[in-house]
Every structure is written in structure tokens, then in C-alpha cells.
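Here is what each chain is made of, one letter per residue.
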Amino acid sequence: MTHHVVLYKKLSGPLMQRLQAQAEVTLIDDPKSSNGLARLRDALPHADALLGASVKLDAELLDLAPKLKAVSSVSVGVDNYDIEYLTRRGILLTNTPDVLTETTADTGFALIMATARRVVELANMVRDGQWKQNIGPQHFGSDVHGKTLGIIGMGRIGEAVAQRGHFGFGMPVIYHSHSPKPAVEARFDARYRSLEDLLREADFVCLTVPLTAETEGLIGAEQFAQMRPETIFINIARGKVVDEQALIAALQNGQIRAAGLDVFEQEPVNPDSPLLQMDNVVATPHMGSATHETREAMARCAVDNLLAALAGERPKDLVNPAAWNG
Ligand code: NAP
């Protein structure tokens, strides 16, 4: 029996050919446009499996897909999916962990460097022809090496950020997670802290938690008040983990020094957001994993997971094992 796969993200030629050798494929390359969404709705009744990313697949939409057996997300974050609903229907959900860890940690460090050393602001000054004399203290940044790196969410990406900070920049590492991680402590001489203590002590607060019901709004006015005027805040997790209005207020009131943000409550971020008017904010377009190599590796991983699911095999990166009945 030929399976029907609905792609809502373009694949490279070789991956598309691999998929087409195993299944009938419908590609919807603009699922966020009204036309694309209408085409997705039309395709869902025939779909055995879906593959894509960055689209909220809620119950109302997936109710249109009675044959659905698997959803293969080209992302590690699974906040776009109603896992309980998928599990109830026995639909396998897979993601793409590991392959994007190092690249996303690189992005975190790019934001740490860019905010601390004011790279974007000063590069723009040069580009605008405003570099008229040797720069003075009003343009100085702050050191990265030797400063305390605070990581909230010591998972795969948190650990890769810790590795860069510890070995590359001689930074003392402190972290907060559900529980202490003895192996991480041994590798990076890292120390576990309560969230409150981490926010008080860290020079760089780096968010690497998933967005869940528990972490939504984890960092708000109360948490920014616990940081210091020297603190630099980095978010490479998800926008909704932070109360964005509270972040704006903390920056405006000088409660923190700067922010490096790859993710926002609403994406693409509103061009009128006060965050984009501030010189001490470096904002990037959710590009954590966005390199040619990593995006291809993620897509390959997603295709592997999807083909395994359609073949009746347990996919490597199964998010909801309760939906698997062997
Ligand atoms: P992971 O290995 O599952 O790590 C997440 C860590 O967060 C876990 O260690 C977990 O701690 C911790 N955590 C969860 N809830 C927490 C809470 N309430 N308080 C403190 N710690 C908590 O995931 P990952 O692969 O590192 O990815 C993390 C997230 O990064 C993804 O979910 C995604 O949203 C985001 N991401 C963003 C980009 C981007 O483009 N900017 C790219 C990739 C990923 P325990 O182990 O103690 O449970």
C-alpha cells in the first residue's frame, strides 16, 4: 500500500527523492499563507504522515486527518504540537534532537559575544560613517572571558553552551535544571543553583529550556528584578519562556545591561517592538540551527524518523512513547 506524506517544508533534492521512492508526496511550501493553509487542509484527509516545522498543528487541524500515523517535526522543540492529543490518537510524534545542538550553542555564543562587545552597534556606527576618532569608554563593552555563565536548562544545548564557556572562555559555569547533573558538574566544574541564586550571580543568563506549560513565562518582572545592572540576558530557547513586556521594562529601566534574543513571543517579531529600537539588544530571526549543514542534517533525521514510523518500526526520536504499541 502506498503511503501518502504531506510535507509542509521543502526538502533538498536527494531527501525528496528518498521520500518519493517510498511514498506519494504532497508538498505545501507556504503553509503559513492563507492559500497554503487551505491546501494543507485539503491534503490532510489523505495524509498518513506529516513532515515539517514552525506550524501550529492543533487538534482542530489534525481532526481533518483520520488516517494520520506520524508527525515528523524538523525541530527539537515540540511546542507546536498537542502531545496529549497526538498520543490519545496513537499518532507518533518525532523530533530532531542532537543534530542541531552544537550549531544552536554557537548561536548562543554569537549572541553572548555580540551583546557583551557591542558588535552590532559598533559595526553599524562604522558602516554609518560615524567612526570619527578612537572610541572611548562610552563605546566600551564588557569582557566575556572569566565572567560567570548561568545556564537555565542544562540539557543538550545548555551543555554545549557550558562547554564553550568553560573550555573556550574560562568562565565559571552555574546552572539550573529540574535536578543537578553530576556528569556536567564533573566535565565543566559547573555548580547547581536555585533559579533565584543563578539570576543573582550570573553575568550572562542563558535560557535553554523547552517551552512547556511549566516554563511559559518562567522569566518575568520578578526574575529580572533579581538580576544585576551588569547582567546580559540571552534567549535561544523560545520567546514565550519570557514575559517580553517585563524584558522591555528591565532593559528600559537599566535593571539589566543588554539582551541577545533569537526568539520572540511573536515571530516574526513586530518591527515596531521597542526591543528593536534599543542599541543594547541584538535580535536575530530564530536562526539557532540555521546553517546549511545543520538544516540538512535535521531534515535527514526527520525523513529517517518518518520512514521508520511508516515501516512500522519505532522511530529513533520518538517524543511520545506512549503512542507506540509496537
Ligand atoms: P533538552 O536536552 O531536553 O534540554 C532541556 C533542559 O531544560 C533539560 O535539561 C531540562 O532539565 C531543562 N528544563 C526543562 N524544564 C525546566 C524548568 N522548568 N526549569 C529548569 N530547567 C528545565 O533540549 P535541548 O535539545 O537542549 O533543546 C532545548 C530547547 O531549545 C528546545 O526545546 C527548543 O525550544 C530550543 N531550541 C531553540 C533553537 C533556536 O533556533 N533558537 C534551536 C534548537 C532548540 P532536566 O534535564 O533537569 O529535566
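Coordinates for the structure precede this section.
Please explain the pairing of strand β7 (residues 173-176) as it appears in this structure.
With 4 bridges joining them, strand β6 (residues 149-152) and β7 adopt parallel strand pairing. Note on β7: the bridge partner recorded for Ile151 is Tyr175. Between β6 and its parallel partner β7, the chain crosses via helix α7 (residues 156-169), and the hand of that crossover is right-handed. Judged from the 2 bridges that link them, β7 and strand β8 (residues 191-192) form a sheet pairing that is parallel. Bridging across to β8, Ile174 finds its partner in Arg191.

Help me understand the sheet that holds strand β3 (residues 49-52) in this model?
Backbone hydrogen bonds hold the strands of a sheet together, and the pairing may be parallel or antiparallel. Spatially, β2-β1-β3-β4-β5 is the arrangement adopted by the 5 strands of the open sheet, whose pairing is parallel. Strands with a single pairing partner mark the edges of an open sheet, and in this sheet they are β2 (23-27) and β5 (92-94). Averaged over neighbouring strand pairs, the angle between their axes works out to 15 degrees when direction is ignored. Examined bridge by bridge, strand β4 (residues 70-73) and β5 share 3 bridges and lie parallel to one another. Bridging from a neighbouring strand, Ser72 pairs with Thr94 of β5. Lying on the sheet, helix α12 (residues 292-310) is in contact with β1 (3-7), β3, β4 and β5; it crosses β3 at an angle near 175 degrees.

In this structure, what is going on with a negative patch on the surface? I would like to understand it.
A grouping of Asp58, Asp63, Asp82 and Glu84 is seen on the molecular surface, where their side chains present a negatively charged patch. In this fold, Asp82 is placed in the loop between β4 and α4 (83-88).

Explain the pattern of salt bridges to me, please; I cannot follow it from the model alone.
Side-chain pairs of opposite charge can arise whenever the charged atoms involved come near each other. Tallying each qualifying case throughout the model produces 15 salt bridges. For Glu159, the salt bridge goes to Arg187, with nearest N and O atoms at 3.0 Å. Here the residue Glu159 occupies a position in helix α7, and Arg187 occupies one in helix α8 (residues 182-188), the gap between them amounting to 28 residues. On the basis of relative accessible area, Glu159 is assigned to the partly exposed category, the value being 24%. Beyond isolated ion pairs, a larger network of salt bridges with shared partners links Glu102, Asp106 and Arg164.

So what exactly am I meant to see when it comes to the side chain of Thr96 here?
Mapping Thr96 onto the fold places it in the loop between β5 and α5 (101-116). Non-local contacts of Thr96, meaning those with residues more than four positions away in its chain, are made with Ser73, Val74, Ser75, Val76, Met298, Cys301 and Ala302.

Looking at this structure, I do not really get the environment of Ala221. What am I missing?
Along the polypeptide, Ala221 turns up in helix α10 (residues 221-226). For Ala221, a relative accessible area of 52% gives the class exposed. With 90 residues separating them in the primary sequence, Ala221 and Trp131 have C-alpha atoms 37 Å apart.

Would you mind showing me how to read the sheet that holds strand β9 (residues 204-207) here?
In spatial order, the strands read β8-β7-β6-β9-β10-β11-β12; together these 7 strands make up an open sheet with parallel pairing. Two strands close off the open sheet at either side, each with one partner strand: β8 and β12 (281-283). Across the face of the sheet, α5 comes into contact with β6, β9, β10 (232-235), β11 (258-261) and β12 while running at roughly 150 degrees to β10. The strands that α7 touches are β6, β7 and β9; relative to β6, the one it contacts most, it runs at about 175 degrees.

Would you take a moment to explain unusual backbone geometry for this structure?
Among all residues except glycine, the phi angle is most often negative; among peptide bonds, the trans geometry is most common. The omega torsion across Glu267 and Pro268 is -5 degrees, close enough to zero to call that bond cis. Mapped onto the secondary structure, Pro268 falls in the loop between β11 and β12. One non-glycine residue, His286, adopts positive backbone phi at about 45 degrees. Positionally, His286 belongs in the loop between β12 and α12. Classification of His286 by relative accessible area gives partly exposed; the value is 30%.

What am I meant to see in α5 here?
Every α-helix carries 3.6 residues per turn, so stepping three or four residues along brings you back to the same face. Compared with an ideal rise of 1.5 Å per residue, which puts 16 residues at 22 Å, α5 spans 23 Å between its outermost C-alpha atoms and is within 8% of the ideal. Considered for burial, the residues of α5 that qualify are Thr101, Thr103, Thr104, Ala105, Thr107, Gly108, Phe109, Leu111, Ile112, Ala114, Thr115 and Ala116. Looking one or two places after α5, you find Arg118, whose phi comes out positive at around 55 degrees.

I tried to follow the site of the ligand on my own but got confused; where do I start?
Around the ligand sit 27 residues, and of these Arg156, Ile157, His178, Lys181 and Asp262 come closest. Contact distances for the ligand include 2.7 Å between an oxygen atom and a side-chain N or O atom of His178. Relative to its free-state accessible area of 930 Å², the ligand is covered by the protein chains to the extent of 86%.

Please explain helix α1 (residues 13-20) as it appears in this structure.
By the burial criterion, the buried members of α1 are Leu15, Met16 and Leu19. Seen along its axis, α1 keeps its buried residues to an arc of 100 degrees; they face one direction. Exposed side chains of α1 directed beyond 90 degrees from the buried face belong to Pro14 and Gln17. Buried residues belonging to α1 abut β1, β2 and α12.

How do you make sense of the packing of aromatic side chains when you look at a structure like this?
For any pair of aromatic rings, the description consists of the separation of the ring centres together with the inter-plane angle of the planes. Counted by the stated rule, this structure contains 4 aromatic pairs. An angle of 80 degrees between the planes, with centres 5.4 Å apart, marks the rings of Tyr175 and Tyr192 as edge-to-face. Remark: Tyr192 occurs in strand β8 and Tyr175 occurs in strand β7; sequence separation between them is 17 residues. Given the relative accessible area of 27%, Tyr192 is considered partly exposed. Pairing Phe224 with Phe233 gives two aromatic rings, centres 5.3 Å apart and planes at 75 degrees, and the pair type is edge-to-face. Accessibility classification places Phe224 together with Phe233 in one group, the buried group.

What counts and what doesn't
- Residues numbered from 1 in each chain as written.
- Predicted model: local features only at pLDDT ≥ 70, side-chain atom pairs only at ≥ 80, totals over all residues.
- Heavy atoms only, no water.
- Pairing = 2+ DSSP bridges.
- Helix = DSSP H or I, 4+ residues; strand = E, 2+ residues; numbered from the N terminus.
- Right-handed = clockwise from strand over helix to strand, strands pointing away.
- Axes fitted to C-alpha atoms, helices over the stretch in contact; angles between N-to-C directions.
- Contact = heavy atoms within 4.5 Å.
- Patch = residues over 30% accessible without salt bridge, like charges linked within 9 Å, V, L, I, M, F, W, Y side chains within 5 Å.
- Areas by Shrake-Rupley, 256 points an atom, 1.4 Å probe, with all protein chains shown as cover.
- Salt bridge = Lys/Arg side-chain N within 4 Å of Asp/Glu carboxyl O.
- Lys, Arg positive; Asp, Glu negative; His and termini not counted.
- Charge placed at Lys NZ, Arg CZ, Asp CG, Glu CD.
- Buried < 20%, exposed > 50% of the residue type's maximum accessible area, 1.4 Å probe, protein only.
- Expected span 1.5 Å × (residues − 1).
- Near = heavy atom within 4 Å.
- Polar contact = N/O pair within 3.5 Å; in protein donor to acceptor, adjacent residues only side chain to side chain.
- Arc of directions from axis to C-beta.
- Phe/Tyr/Trp six-rings, centres within 6.5 Å; stacked < 30°, edge-to-face > 60°.

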